[in-house]
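Take a look at the letters that make up each chain.
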Amino acid sequence: ETLKRILADDQAQSPAQGSKERKTYSAERLRRAIADGELVNHYQPKVEFASGAVAGFETLVRWRHPQDGLIPPDQFIPLAEESGLINELTRSVLRTALRHARAWGDDGYPLQVAVNVSMDNLVSLDFPDFVERALGEAGIAASGLLLEVTESRLMKDPLTPLEVLARLRLKRVGLSIDDFGTGHSSLAQLRDIPFSELKIDRGFVHGAWRDASLRAILEASLGMARQLGMKTVAEGVEDREDWDFLRIRGCELAQGWFIAKALPPEQIADWIADWEV
Ligand code: C2E
Ligand code: CA
Ligand code: CA
Ligand code: CA
């Protein structure tokens, strides 16, 4: 039952699904979109359960297609990975995110920005140097950046990503193990990589208060993260019940529609000013 729910949840993930037909795009069209600045960063807040304070924002990329409207990442990230465009895409998303984080800081909100990286980004050994340069150019401390890592598929070369992540951590960049609890992240990774944050997949969060098996997985994940000295984040906090349930269990950060959906950059300052739990 639980597995069925999680799988169903995953399929319901992208907002445009169901409402619009799924189009397919060519790698060449996507390459042009990246070059022409058609990809836009939206940001979803992460807030502290205990105080309600805003801790940071996760970058969620969208494609603002001139004809097809706002396309969710599930419809072009896999293409970017298959076609080798993911390196360019990630680097462009990351530079923009750091620029925005710098602007928030200049407005008096020095908040951490999280960027999703694909495993394919972590097979190039020069990625840590790229990140360091981008931080320097934006004038952001390494701890102001968090990279969220999801294992999207089996790696031909699993060792380079471990080394790349270790080098990033040595530079003090935050590392989050994303979608924890799904097949995409594994306990083995926790042994090998010094993650600073554990992000529990929304499949174990939303509705856990009324489902004994979700609750068990959730509590075990929180306990383990604590023992490993990692910060805990719950994604998919959709309603007051989810919020209260996780807050009482000592989860540190909340993300989800109960707080806010991903916002375009121009709405962030107003959102922070208006936000109260
Ligand atoms: P993710 O990293 O697990 O991001 C969370 C997804 O859940 C986002 O979908 C977000 O809009 C959605 N979400 C947030 N709160 C809630 C909630 O309360 N309930 C529900 N049902 N959903 C919620 P989105 O923006 O469509 O992104 C989908 C996935 O695309 C992301 O999953 C991430 O894996 C990937 N992605 C997004 N941006 C990037 C990027 O720049 N690079 C890479 N490599 N992947 C990205
Ligand atoms: Ca993520
Ligand atoms: Ca996630
Ligand atoms: Ca997820």
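Predicted model only: the values in this text are computed from it and were never measured.

### Side note on the coordination of the calcium ion (ligand 2)
Of the protein atoms, only Glu58 (OE), Asn116 (OD1), Glu148 (OE) and Asp178 (OD) coordinate the calcium ion (ligand 2), at distances of 2.2 to 2.4 Å. Every donor residue of the calcium ion (ligand 2) comes from the same chain, spaced as E-x57-N-x31-E-x29-D. Taken as a pair, the calcium ion (ligand 2) and the calcium ion (ligand 3) show a spacing of 3.7 Å, with Asp178 coordinating each metal. Residue Glu148 is located in strand E5 (residues 145-150), and its partner Asp178 is located in strand E6 (residues 174-180); the two are separated by 30 residues in the primary sequence. Take Glu148 and Asp178: they sit in the same class, and that class is buried.

### Regarding the site of ligand 1
Looking at ligand 1, there are 22 residues lining it, with Gln44, Arg62, Arg202, Glu238 and Trp257 nearest. Backbone polar atom of Val61 to a nitrogen atom of ligand 1: 3.2 Å apart, as the coordinates give it. Measuring from an oxygen atom of ligand 1, one finds a backbone N or O atom of Trp257 at 2.8 Å. Those elements giving two or more residues to the shell around ligand 1 turn out to be strand E2 (54-65), strand E4 (112-118) and E6. Ranked by the residues each element gives to the shell around ligand 1, the list is headed by E2, at four residues.

### Brief notes about the packing of helix H4 (residues 86-106) against helix H5 (residues 127-138)
Helices that pack against each other are described as a pair by the angle of their axes relative to one another and the distance between those axes. Following both chains from N to C, one finds H4 and H5 inclined at 30°, their axes separated by 9 Å at the closest point. One finds that H4 runs roughly parallel with respect to H5. Two packed elements cross with a definite hand, and for H4 against H5 that hand is right-handed. Of the residues in H5, those touching H4 at Thr90, Arg91, Leu94, Arg95, Leu98 and Arg102 are Phe127, Phe130, Ala134, Leu135 and Ala138.

### Focus on H5
Three- or four-residue spacings in an α-helix give side chains the same orientation, since the helix completes a turn every 3.6 residues. In this model, H5 (twelve residues) spans 17 Å end to end at C-alpha, consistent with the 16 Å of a helix rising 1.5 Å per residue. Those residues of H5 lying buried are Phe127, Pro128, Phe130, Val131, Ala134, Leu135 and Ala138. Taken down its axis, H5 places every buried residue within 160° of arc, on the same side. Across H5 from its buried face, at more than 90 degrees, point the exposed residues Gly136 and Glu137. The elements touched by buried residues of H5 are H4, E4, E5 and helix H6 (159-170). A positive backbone phi angle near 70° is found at Gly139, which sits one or two residues after H5.

### Here's the deal with the packing of aromatic side chains
Using the criterion set out here, one finds nine aromatic pairs in the structure. Aromatic pair Tyr43 and Trp104: ring centres 5.1 Å apart, planes at 85°, arrangement edge-to-face. Residue Tyr43 is located in strand E1 (residues 39-48), and its partner Trp104 is located in helix H4; the two are separated by 61 residues in the primary sequence. Looking at Tyr43, the relative accessible area reads 0%, which means it is buried. The class of Trp104 is buried, set by a relative accessible area of 6%. An angle of 50° between the planes, with centres 4.9 Å apart, marks the rings of Phe57 and Trp104 as tilted. Of the two residues, Phe57 sits in strand E2 while Trp104 sits in helix H4, which places them 47 residues apart along the sequence. Each residue in the set Tyr43, Phe57, Trp104, Trp271 and Trp275 is aromatic and connected to the rest through ring pairs, giving one cluster. Across from the ring centre of Phe245, 3.7 Å away, lies the NZ or CZ of Arg249, which sits over that ring. Stacked on the ring of Trp257, the Lys or Arg Lys261 has its end atom at 4.3 Å from the ring centre.

Rules of the game
Residues numbered from 1 in each chain as written. Chains lettered and ligands numbered in written order. Predicted model: local features only at pLDDT ≥ 70, side-chain atom pairs only at ≥ 80, totals over all residues. Heavy atoms only, no water. Donors = N, O, S within 2.8 Å, 3.2 Å for Na, K, Ca; no water. Helix = DSSP H or I, 4+ residues; strand = E, 2+ residues; numbered from the N terminus. Buried < 20%, exposed > 50% of the residue type's maximum accessible area, 1.4 Å probe, protein only. Near = heavy atom within 4 Å. Polar contact = N/O pair within 3.5 Å; in protein donor to acceptor, adjacent residues only side chain to side chain. Axes fitted to C-alpha atoms, helices over the stretch in contact; angles between N-to-C directions. Parallel < 35°, antiparallel > 145°, perpendicular 65-115°, else oblique. Left-handed = near helix turned anticlockwise from the far one by under 90°. Contact = heavy atoms within 4.5 Å. Expected span 1.5 Å × (residues − 1). Arc of directions from axis to C-beta. Phe/Tyr/Trp six-rings, centres within 6.5 Å; stacked < 30°, edge-to-face > 60°. Lys NZ or Arg CZ within 6 Å of the ring centre and 35° of its normal.

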